[in-house]
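Survey of secondary and tertiary structure
One-letter residues, chain by chain:
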Amino acid sequence: MKEAQRVAPDLLREMWMPPQEMRQMMANEGVFDQELAAFRADGPILSAHMQAFAAKVGFALHYEATGSYVPLNGRVQVRWFTSAEVCRGRLPPSLLSSIGAPRTMQQGKITSEGNFEYGWGSFTEKPDVPIYYARVREAFAVAAFVVMDEASLPFPDGQLATFAPGDLVMPLSDRIMVE
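Figured I'd write up the structure that's included with this text.

Turning to the overall build of the protein, a few remarks are in order. If you tally the helices and strands in the protein, you get six helices and seven strands. Counting from the amino terminus, helix and strand elements in the protein follow one another as α-α-α-α-β-α-α-β-β-β-β-β-β. At 17 Å, the protein has a C-alpha radius of gyration in line with the 16 Å of a compact globule built from 179 residues. Seen along its three principal axes, the alpha-carbon backbone of the protein occupies a region of about 50 × 40 × 35 Å. Expressed as a percentage of the 179 residues in the protein, the buried residues total 38%. Taking the contacts inside the protein whose residues are at least 6 apart along the sequence as the reference set, 58% of them involve residues at least 24 apart. On the protein, roughly 10,900 Å² of surface is accessible, and the fraction owed to carbon and sulfur atoms is 57%. Placing the 16 positive and 21 negative side-chain charges of the protein at their respective mean positions leaves the two points 5 Å apart.

With respect to topology, five strands assemble into an open sheet ordered E4-E5-E6-E1-E7, the strand pairing being antiparallel. The open sheet has two edge strands, strand E4 (116–123) and strand E7 (161–163), and neither has a second partner. Here the strands of the sheet are splayed against their neighbours by 20 degrees on average, with no regard to which way each runs. Sheet topology places strand E1 (residues 75–81) next to E7; three bridges connect them, and they run antiparallel. By the bridge assignment for E7, Val-76 is matched with Phe-163. Sheet strands touched by helix H4 (residues 44–66): E1, E4, strand E5 (126–136), strand E6 (140–147) and E7. Its angle to E1, the strand with the most contacts, is close to 125 degrees.

Per the stated rule, a full pass over the model turns up eight salt bridges. Residues Arg-135 and Glu-138 are paired through a salt bridge, measuring 3.0 Å at the closest nitrogen-oxygen approach.

Bridge count for E4 against E5 is eight bridges, and the pairing is antiparallel. Looking at E5, one finds that Phe-123 is bridged to Lys-126. Linking E4 to E5, which pair antiparallel, is a turn of two residues. Across six bridges, E5 lies against E6 in antiparallel orientation. In the strand pairing of E6, Val-136 is matched with Phe-140. Between E5 and E6, which pair antiparallel and follow one another directly, the connecting turn spans three residues, one of which, Arg-137, has a positive phi of 45 degrees.

In this section: the nonpolar core. In terms of nonpolar packing, the biggest core is built from 24 residues, with Val-76, Val-78 and Val-142 touching the most fellow members. Per-element tally for this core: the top contributor is H4, with seven residues. In contact with Val-142, not counting residues within four places along its chain, are Phe-53, Ala-54, Val-57, Arg-79, Trp-80, Tyr-132, Tyr-133 and Ala-134. One finds Phe-123, Val-129, Tyr-133 and Leu-153 within the second-largest nonpolar core, a separate group that totals 16 residues.

Inspection of the entire model under this criterion finds eight aromatic pairs. Residues Phe-53 and Phe-140 carry aromatic rings whose centres are separated by 5.6 Å and whose planes lie at 85 degrees to one another, so their mutual orientation is edge-to-face. Here the residue Phe-53 occupies a position in helix H4, and Phe-140 occupies one in strand E6, the gap between them amounting to 87 residues. Assessed through its relative accessible area of 17%, Phe-140 is described here as buried. When the centroid spacing of 6.4 Å and the interplanar angle of 55 degrees are considered together, the rings of Trp-120 and Tyr-132 count as tilted. Remark: Tyr-132 occurs in strand E5 and Trp-120 occurs in strand E4; sequence separation between them is 12 residues.

Cut-offs applied
- Residues numbered from 1 in each chain as written.
- Predicted model: local features only at pLDDT ≥ 70, side-chain atom pairs only at ≥ 80, totals over all residues.
- Heavy atoms only, no water.
- Helix = DSSP H or I, 4+ residues; strand = E, 2+ residues; numbered from the N terminus.
- Rg over C-alpha atoms; globule rule 2.2 N^0.38 Å.
- Buried < 20%, exposed > 50% of the residue type's maximum accessible area, 1.4 Å probe, protein only.
- Contact = heavy atoms within 4.5 Å.
- Areas by Shrake-Rupley, 256 points an atom, 1.4 Å probe, with all protein chains shown as cover.
- Lys, Arg positive; Asp, Glu negative; His and termini not counted.
- Charge placed at Lys NZ, Arg CZ, Asp CG, Glu CD.
- Pairing = 2+ DSSP bridges.
- Axes fitted to C-alpha atoms, helices over the stretch in contact; angles between N-to-C directions.
- Salt bridge = Lys/Arg side-chain N within 4 Å of Asp/Glu carboxyl O.
- Core = buried A, V, L, I, M, F, W, Y, C linked by side-chain atoms within 4.5 Å.
- Phe/Tyr/Trp six-rings, centres within 6.5 Å; stacked < 30°, edge-to-face > 60°.

Laid out in C-alpha cells, this is it:
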C-alpha cells in the first residue's frame with residue numbers, strides 16, 4: 001500500500017468506497033463472505049496505470065513471441081479486466097480461444113503457475129492481428145493487440161487505449177475516458 005501511495009498518491013482514495021456501499025456492491029455480485037473486501041476499479045488513475053501495464057505486457061510479449069520490437073509506426077491497443085471479471089469467467093471467449101493454452105514461467109523448480117500466466121496467438125476476429133494475454137493470479141488480466149502500422153488498428157479510436165512505442169515515458173492518463 002505504501003508503494004501504491006508513493007507511485008500514485010490519489011489512487012487509494014479513488015479506489016476506496018464506504019463499507020455499506022462495498023457490501024451492497026458485493027451482494028449484487030452474489031458475494032457475501034465478510035472476510036472479503038472490494039474497491040472501486042473504474043477511476044481514471046487506476047485505469048491509466050492498468051492501461052500502461054497492459055501496454056508493457058503487449059510490447060514485451062510481442063518481442064518474446066517474434067524477437068522484434070513494435071516499429072515506431074506500430075501500435076498496441078489494450079484492455080484490462082478486473083478481478084470480478086476474471087473470477088466470474090467474464091473474459092471474452094474469443095480472447096482465450098485466440099491464445100490457446102496459457103504458458104507459465106519457470107526457472108529451475110520455481111514456476112509462476114497459479115500466479116502469472118501468459119500467451120499469444122492470432123485474434124479470432126482479425127487473424128492478421130496478434131493478440132497477447134497475461135493474467136496475474138485472480139487479480140486481473142490484460143489483453144494487447146499489436147499492429148505494425150497505425151492504419152491497421154483492430155478497434156476504432158477511443159474504444160481501447162492505444163499506445164505507440166515511446167508513449168510510456170509520458171505521464172500516464174486514462175486513454176479511453178470520455179471527457
